[in-house]
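Chain residues, written in single-letter form:
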Amino acid sequence: MEKNEKLLEIHHLRKDYGNGPVLKDVSLDVHKGEVLVLIGPSGCGKSTFLRCMNGLESIQSGEILLDGQVISGDKTKWSEVRQKIGMVFQSYELFPHMTVIDNVLLGPLKVQKRNRQEAEEEAKKLLERVGLLDKKDVYPRQLSGGQKQRVAIVRALIMKPEIMLFDEVTAALDPEMVREVLDVMLELAKGGSTMVIVTHEMQFARAVADQVVFLDGGEIVEMDAPEAFFNCPKTKRAQKFLNTFTFESKDE
Amino acid sequence: MQDLGIRVLFMGNNFIRLLGGLWITIKISLISVVLSIFLGILLGMVMTLKNPITRCITKVYLEFIRIMPQLVLLFLVYFGATKTFGVQLSGQVSAVVVFTLWGTAEMGDLVRGALISIPKHQYESGAALGLENIQIYRYIIIPQTLRRLIPLAINLTTRMIKTTSLIVLIGVVEVLKVAQQIIEANRYTVPDSALWIYGTVFFLYFLACWPISLLATWLEKKWKN
Ligand SMILES: Nc1ncnc2c1ncn2[C@@H]1O[C@H](COP(=O)(O)OP(=O)(O)O)[C@@H](O)[C@H]1O
Ligand SMILES: [Mg+2]
């Protein structure tokens, strides 16, 4: 695998919802097969950043390239680009009127116009991989939060995206369901998938990341390998942020 | 003689006439409902626009229709249109016009409610899969909207069937009018037929509305997410 090949490039991105910049001059490269974990305090623009990457938000200036092609222009065919950039959101966003398998098949059949039988075979294989094959004919309302998120991941995966974006996919889950979802992502990472993950699970970040990106105040403050970042963060802001995850024992 | 008022029901073709009257009632309701659903979907979509002019117009329309008693609307269209614009509308056509005006307002509001109740992330997760806008509506938004809407539309149908009893007053011979005629015609021979005839009308209304209500309840349960 060519690790140095740039898959997604973001140059000097600026995003403003209309009341001051949320992202000011952010640049970032994501290489093929790389797992980036994006962390930072709530409201610092992590979701916004991910949403800019697949065009759910317009950007005010800067450039986004996928495979060397500019995708942030006016003429971008987003429906084509988004097949290459899979995304899973925080809220359970399965389509409630469709069964699990129909949720998974909507993209392959209607967007990619794939053969039904072939797509269904693959859907089953993927559902099996996340342990949900027996749920293929149930409706989302009959699933737990963790199961829904695993289906949402399968729904994105079946499009064979070149890169996957995960926006706090475990944040709305009960604690006992977090693990089953993180395990699926960890397995994807081991399989060589390119991913950008926003998460508040620091243990997970440490385990899964090739690079940790710390975002604060609308800019990338620090970026480093996970060991280095978590053991000795260089900036004050990163230190302060990491401290919010540790507790002092009451006896000390 | 006076023992069996029900006799009147089976004299001549009285019962068939009642059924004929019921058919008029149902026909007017169904035509109005179908028109209301089409126009209501359009109105509902217009109502979700942020444009202040369409907002204002649709709002005034909705309020106007809601405040006006249906009977006043019927008189307004049946007598008013004839006198003022010289258009000769039959009672049945006037009834369809009024019930469509009313149904469109009701449906429009229901459609608007159904549309805005679909969460934003349903649109976004469709977009994130690479679906085009039209596909997002076709496969994700409209099916969910319809599921919320159809039970409500069915309820509206039953309400319309009940409200059609007003159109007697603009001279349409529907089930209630037929009932009156039968009672009148037999006033001297069977003075107590009123209870029986109106009782039959009650049952006819019930038979028309009840299955529709059941269907609505069943669909509502089936589609509950
Ligand atoms: N649609 C929007 N309109 C206006 N402001 C927004 C919108 N979405 C997010 N913001 C603002 O942008 C900032 C970053 O939000 P977000 O990207 O959701 O942060 P994070 O995901 O890091 O918590 C916040 O101040 C938020 O209030
Ligand atoms: Mg967020």
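None of the values given here were measured: they were computed from a predicted structure. The residue count restarts for each chain, going from 1 along the sequence in the order it is written. By the order in which they are written, chains take letters starting at A while ligands take numbers starting at 1. It should be noted that, the model being predicted, local features are given only for residues of pLDDT at least 70 and side-chain atom pairs only at 80 or more, the latter also being counted only at that level, while totals for whole chains, interfaces and linings use all residues. Hydrogens are left out, water is left out, and the side-chain values use all remaining heavy atoms of the structure.

Asker: Is there a simple way to explain the overall build of chain B in this structure?
Answerer: What counts as a helix is a DSSP run of H or I of at least four residues, what counts as a strand is a run of E of at least two, and both are numbered from the N terminus. In terms of regular secondary structure, chain B is built from nine helices and zero strands. Starting at the N terminus and ending at the C terminus, chain B contains elements arranged as α-α-α-α-α-α-α-α-α. In terms of overall size, chain B is more extended than a compact globule, its C-alpha atoms giving a radius of gyration of 22 Å where 225 residues would be expected to give roughly 17 Å. Dimensions of chain B, computed from the C-alpha atoms along their principal axes, are close to 80 × 45 × 25 Å. Among the 225 residues that make up chain B, the fraction classed as buried is 44%. By definition, residues are in contact when any of their heavy atoms lie within 4.5 Å. Sequence-distant contacts, at least 24 apart, represent 75% of the contacts inside chain B between residues at least 6 apart. Reported accessibility uses the Shrake-Rupley method at a 1.4 Å probe radius. Residues are deemed covered only where the shown protein chains occlude them. By element, 71% of the accessible surface of chain B is carried by carbon and sulfur atoms, the whole surface being about 12200 Å². For the purpose of counting charges, residues Lys and Arg are taken to be positive, whereas Asp and Glu are taken to be negative. His and the chain ends are not included. Here the site of a charge means NZ on Lys, CZ on Arg, CG on Asp, or CD on Glu. For chain B, the distance from the average position of its 20 positive side-chain charges to the average position of its 10 negative side-chain charges is 5 Å. Values of the radius of gyration come from C-alpha atoms, whereas the globule rule sets the reference at 2.2 Å times the count of residues to the power 0.38. Note on classification: 1.4 Å probe, protein chains only; a residue is buried when its accessible area is under 20% of the maximum for its type, exposed when over 50%, partly exposed between these limits.

Asker: I tried to follow the side chain of Asn 186 of chain B on my own but got confused; where do I start?
Answerer: Residues and elements named next belong to chain B. As for its placement among the helices and strands, Asn 186 is situated in the loop between α8 (175–185) and α9 (193–222). Given the relative accessible area of 8%, Asn 186 is considered buried. Once residues within four sequence positions are removed from consideration, Asn 186 is found in contact with Val 8, Met 11, Asn 14 and Pro 191.

Asker: Help me understand the interface of chain B and chain A, please; the structure alone is not making it clear to me.
Answerer: Quite often, the size of an interface is put as the accessible area lost when its parts meet. Every contact between the two is made by 21 residues of chain B and, on the other side, 26 residues of chain A. Here chain B packs against chain A, burying approximately 1900 Å² in sum over the two surfaces, 60% of which is carbon and sulfur. Buried area, as used here, totals the accessible surface that two parts lose on assembly, with accessibility defined by a 1.4 Å probe and the loss added over both. The three residues of chain B that bury the most area against chain A are Ala 128, Leu 129 and Tyr 139 of chain B, which together make up 30% of that side's buried surface. Salt bridge criterion: a side-chain nitrogen from Lys or Arg within 4 Å of a carboxyl oxygen from Asp or Glu. There are two salt bridges connecting chain B and chain A.

Asker: When you look at the site of ligand 1 in this model, what are you seeing that I'm missing?
Answerer: Residue and element names in this part refer to chain A. Residues are classed as near a molecule or strand on a simple rule: at least one heavy atom within 4 Å of it. Lining the immediate environment of ligand 1, one finds Tyr 17, Val 22, Ser 42, Gly 43, Cys 44, Gly 45, Lys 46, Ser 47 and Thr 48. Between ligand 1 and the protein, one listed contact pairs an oxygen atom with a side-chain N or O atom of Ser 47 at 2.7 Å. Coverage of ligand 1 by the protein chains reaches 57% of its 560 Å² of free accessible surface. Here the shell around ligand 1 takes three residues from helix α1 (residues 46–53), the largest share from any one element. Residues that form the shell around ligand 1 fall into these classes: three nonpolar, five polar and one charged. Two N or O atoms count as a polar contact when they lie within 3.5 Å, although within protein this holds only if one can serve as hydrogen donor and the other as acceptor, and sequence-adjacent residues are included solely when both atoms are side-chain atoms. For this classification, the nonpolar set comprises Ala, Val, Leu, Ile, Met, Phe, Trp, Tyr, Cys and Pro, the charged set comprises Asp, Glu, Lys and Arg, and every other residue, Gly included, is treated as polar.

Asker: Got a minute to help me understand the pairing of strand β4 (residues 61–66) of chain A in this structure?
Answerer: Remember that side chains alternate between the two faces of the sheet whenever the strand is regular. At least two bridges found by DSSP between two strands are what make those strands a pair. Pairing analysis gives five bridges linking strand β1 (residues 6–16) of chain A to β4 of chain A, with the strands arranged antiparallel. Along β4 of chain A, the bridge assignment pairs Leu 8 of chain A with Leu 66 of chain A.

Asker: Looking at this structure, I do not really get the nonpolar core. What am I missing?
Answerer: In a soluble, globular protein the nonpolar side chains are often hidden away together inside. Formed by 52 residues in total, the largest nonpolar core has its most connected members in Ile 153, Phe 166, Met 185 and Ile 197 of chain A. With eight residues, the top contributor of residues to this core is helix α6 (residues 175–190) of chain A. The term nonpolar core refers to a set of buried residues drawn from Ala, Val, Leu, Ile, Met, Phe, Trp, Tyr and Cys, joined through side-chain atoms within 4.5 Å. Ile 64, Ile 71 and Val 111 of chain A together with Val 111 of chain B belong to the second-largest nonpolar core, a separate cluster that totals 51 residues.

Asker: Would you explain the packing of aromatic side chains in this entry?
Answerer: One pair of aromatic rings is described through two measures. These are the centre distance and the angle between the planes. Stacked, tilted and edge-to-face are the three classes assigned to paired rings of Phe, Tyr and Trp, where Trp is represented by its six-membered ring and a pair needs centres within 6.5 Å; plane angles under 30 degrees give stacked, over 60 edge-to-face, the rest tilted. For the coordinates displayed, the defined rule picks out ten aromatic pairs over all chains. On the numbers, 6.2 Å between centres and 40° between planes, the contact of Phe 214 of chain A with Phe 229 of chain A is tilted. Highlighted residues: Phe 214 of chain A in strand β9 (residues 211–216) and Phe 229 of chain A in helix α8 (residues 226–231), separated in sequence by 15 residues. Here Phe 214 of chain A and Phe 229 of chain A have matching classes, each one buried. Each ring, one from Phe 206 of chain B and one from Trp 210 of chain B, has its centre 5.5 Å from the other, and the planes form 15°; the classification is stacked.

Asker: Please clarify how α8 of chain B should be interpreted in this entry.
Answerer: Count 3.6 residues to each turn of an α-helix, and residues three or four apart come out pointing the same way. Residues and elements named next belong to chain B. Every buried residue of α8 is accounted for by Val 175, Val 178, Ala 179, Ile 182 and Ile 183. Seen end-on, α8 carries its buried residues on one side only, within an arc spanning 135°. Of the surrounding elements, those touching the buried residues of α8 are α1 (7–10), α2 (14–47) and α9. Capping the start of α8 is the job of one residue whose side-chain oxygen sits 3.1 Å from the backbone nitrogen of Leu 176: Glu 174. Directions pointing from the helix axis toward each C-beta atom define the arc.

Asker: Mind showing me how you'd approach the sheet that holds β1 of chain A here?
Answerer: Within a sheet, adjacent strands bond to each other through the backbone by hydrogen bonds, running parallel or antiparallel. Residue and element names in this part refer to chain A. Here we have four strands laid out as an open sheet, ordered β2-β1-β4-β5, and antiparallel in their pairing. Edge positions in the sheet fall to β2 (21–31) and β5 (69–70), since each of these pairs with one other strand and no more. The pairing of β4 with β5 spans two bridges and is antiparallel. Across the sheet, residue Leu 65 finds its bridge partner in β5, namely Val 70. Sitting on the sheet, α1 is in contact with β1, β2 and β4, with an inclination near 120° to β1. For helices, the axis comes from a line fit to the C-alpha atoms of the stretch in contact; other axes are also lines fit to C-alpha atoms, and the angle between any two N-to-C directions lies between 0 and 180 degrees.

Asker: Just checking my understanding: could you explain the confidence of the model for chain B for this structure?
Answerer: One rule of thumb: low pLDDT means the predicted coordinates there are not for detailed reading. As a per-residue measure, pLDDT reflects the predictor's confidence and takes values from 0 up to 100. In the predicted model, chain B carries a mean pLDDT of 87, and 98% of its residues have values of at least 70. We note a pTM of 0.80 for the whole complex and an ipTM of 0.89 for its interfaces.

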